[in-house]
Amino acid sequence: MKSLRINGQRLMDRIMALAAISPIEGGGNCRLALTDEDKEGRDLVVTWMKDLGLEISIDVVGNIIGVWNVGSGASVMTGSHIDTVRTGGKYDGNLGVLAGLEVIETLQQAGVTPSRPISVGVFTDEEGARFAPDMLGSLVFVGGLSVEEALDIRAIDGPRLGDELQRIGYAGNTPCPQRPPHAFVELHIEQGPLLEANGVRFGAVTGVQGISWQELTIIGQSNHAGTTPMRLRRDPVVVVAEVAKFLHDLALRFGDNQVCTVGKIDVHPSLINVVAAKATMTLDVRNTDEMLLRKAEEEISSFIADIGKREGVTTSARTLARFEPVQFDQRVIDIIHRHATDLGETVQFMPSGAGHDAQMLARVCPTAMIFTQSKDGLSHNAAEYTSPEDLEDGANILLHTMLTLAETDFS
Ligand code: GLV
Ligand code: MN
Ligand code: MN
């Protein structure tokens, strides 16, 4: 069993076939959740699941779960997502889903029957780029958000999540929350620069940092750009600029583990010679330390109140996502670390900067993640790249970790 290895070429072929759906310039993908492109990707993955003889279920928020029904008891689960940001790469999420299928095919071909079912989840809207919050499908899967609330969430382009699920044919019947798996492990690219910088090939991921997402709406007074004296203006765009700079400076002041991003700004009416009437901006604020994250949120709120008053605009903030830092299960982390070492790989313990479906599964079962290097630390970028060798060896760590998890008694 120790010598069992996945088929790296087959894994790459599937990654490239999925990436051939909705390609964008530069080699990446645009497959926003529940769009026609997402449907096409889902259909392809379902075809592969059928080829492997998996029992496939679609739940009420469109999570696709494929189960290889061997052994007995709750399954050892892996998986991730196939939705992408608008300028996504080929590997973010896709690797975790396709490596799961590869693990199953490898075991089937070798005639190895694990003592528990093996399942692969394709979770809806992990990115949260079209429907907030992120990790939406896995959050509902574990009971962290009600189905009704999830179905009513509106996309950034308008439609309701429930209606988009119906439209693409992925409004399933399986209820949520679902029965917790025996254990969960997710293979993912690091999406950051640390492994490459350290010359270490893999990460045994210890947890995920806390995430705070808000949308800030600023209402001012629209007026003529040529005739309105500066002292009479109530310009929302000035507040956007001030808030963006405040976030940037706050992150530098807090240091190391604090990151802040303004990734989306919309201005209305967005014309050269009109002082804007309204602006909306997103605030993405993350820290591994919950206390520091709260402090950051408080400072940001009070700055917004002050600057709003000073500029004579009204401001309102809406929470889009708020997840505390997550600690993964030490037993699963250690199993990953041991298998990476046994396979002759270099591996380090590390937290995740990005959000992942595993952080939701961690609420209901022993969970951890495996990271591979990301070239130049690039992700959420069409140039995202991980070498075929790293993908293959990462999937081998996943294979052996899943086999050990099936034999591990966590009670
Ligand atoms: C999800 O990918 C996130 O971390 O934003
Ligand atoms: Mn991802
Ligand atoms: Mn992502």
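Please read all numbers here as calculations on a predicted model, not as lab measurements.

A. Main features of the packing of aromatic side chains. Considering all chains together, one arrives at four aromatic pairs under this definition. Ring geometry for Tyr-91 and Tyr-385: centres 6.4 Å apart, planes at 90°, overall edge-to-face. Taken as a pair, Tyr-91 in the loop between β5 (76–80) and α3 (94–110) and Tyr-385 in the loop between β18 (367–372) and α12 (388–407) lie far apart in primary sequence, 294 residues in all. On the basis of relative accessible area, Tyr-91 is assigned to the buried category, the value being 2%. What makes Tyr-385 partly exposed here is its relative accessible area of 34%. When the centroid spacing of 5.5 Å and the interplanar angle of 85° are considered together, the rings of Phe-123 and Phe-141 count as edge-to-face. A residue pair is termed long-range when its members are at least 10 positions apart, and Phe-123 in the loop between β6 (118–122) and α4 (136–141) and Phe-141 in helix α4 qualify at 18 residues. Like Phe-141, Phe-123 is buried. Three or more aromatic residues joined by ring pairs form one cluster here, namely Phe-123, Phe-141 and Phe-184. The aromatic ring of Trp-48 is capped on one face by Arg-14, whose charged end is 5.6 Å from the ring centroid. The ring of Tyr-170 has Arg-42 sitting right over it, with the charged end atom 4.9 Å from the ring centre.

B. Up close: the domain arrangement of the protein chain. Domains assigned within the protein chain are domain 1 (8–208 + 326–407) and domain 2 (210–323). If you average the C-alpha positions of domain 1 and of domain 2, the two centres end up 33 Å apart. Both sides of the domain 1 and domain 2 interface together cover about 770 Å² of buried area, and 68% of this is carbon and sulfur. Here domain 1 and domain 2 share zero salt bridges between them. At the junction of domain 1 with domain 2, the criterion picks out one residue pair in polar contact (both at pLDDT 80 or more).

C. Looking closely at helix α9 (residues 290–311). Its 22 residues place the ends of α9 31 Å apart at the C-alpha level, agreeing with the 32 Å of an ideal helix rising 1.5 Å per residue. Taken residue by residue, α9 has Glu-290, Leu-293, Ala-296, Glu-297, Ile-300, Phe-303, Ile-304, Ile-307, Gly-308 and Glu-311 as its buried positions. For α9, the arc enclosing every buried residue in end-on projection is 150°, short of the 170-degree limit, so these residues lie on one face. Exposed and oriented more than 90 degrees from the buried face of α9 are Met-291, Glu-298, Lys-309 and Arg-310. Contacts from the buried residues of α9 go to β9 (210–219), α8 (236–254), β14 (278–287) and β15 (314–323). Immediately downstream of α9, the backbone of Gly-312 shows phi near 70°, a positive value.

D. Structural view of the environment of His-81. Relative to the helices and strands, His-81 is located in the loop between β5 and α3. A C-alpha to C-alpha distance of 26 Å links His-81 and Thr-408, two positions 327 residues apart in sequence. Not counting chain neighbours up to four residues away, the residues in contact with His-81 comprise Asp-92, Gly-93, Asn-94, Val-97, Phe-123, Glu-126, Glu-127, His-188 and Asp-357. Polar side-chain contacts of His-81 include one of 2.9 Å to the backbone oxygen of Asp-83. Engagement of the side chain of His-81 in a polar contact is seen with the side chain of Glu-126, the distance being 3.2 Å.

E. Focus on the coordination of the manganese ion (ligand 3). Those donors, Asp-92 (OD), Glu-127 (OE), Glu-127 (OE) and His-380 (NE2), are the protein atoms that reach the manganese ion (ligand 3), and they lie 2.1 to 2.4 Å from it. All donor residues of the manganese ion (ligand 3) come from one chain, and their arrangement in sequence is D-x34-E-x252-H. The distance between the manganese ion (ligand 3) and the manganese ion (ligand 2) comes to 3.7 Å, and Asp-92 binds to both of them. Of this pair, Glu-127 sits in the loop between β6 and α4 while His-380 sits in the loop between β18 and α12, and the two are 253 residues apart along the sequence. Judged by relative accessible area, Glu-127 falls into the buried class, the value being 8%. By relative accessible area, which is 40% here, His-380 ends up partly exposed.

Basis of the calculations
- Residues numbered from 1 in each chain as written.
- Chains lettered and ligands numbered in written order.
- Predicted model: local features only at pLDDT ≥ 70, side-chain atom pairs only at ≥ 80, totals over all residues.
- Heavy atoms only, no water.
- Phe/Tyr/Trp six-rings, centres within 6.5 Å; stacked < 30°, edge-to-face > 60°.
- Helix = DSSP H or I, 4+ residues; strand = E, 2+ residues; numbered from the N terminus.
- Buried < 20%, exposed > 50% of the residue type's maximum accessible area, 1.4 Å probe, protein only.
- Lys NZ or Arg CZ within 6 Å of the ring centre and 35° of its normal.
- Domains from an automatic or database assignment.
- Buried area = accessible area lost by both parts, 1.4 Å probe.
- Salt bridge = Lys/Arg side-chain N within 4 Å of Asp/Glu carboxyl O.
- Polar contact = N/O pair within 3.5 Å; in protein donor to acceptor, adjacent residues only side chain to side chain.
- Expected span 1.5 Å × (residues − 1).
- Arc of directions from axis to C-beta.
- Contact = heavy atoms within 4.5 Å.
- Donors = N, O, S within 2.8 Å, 3.2 Å for Na, K, Ca; no water.

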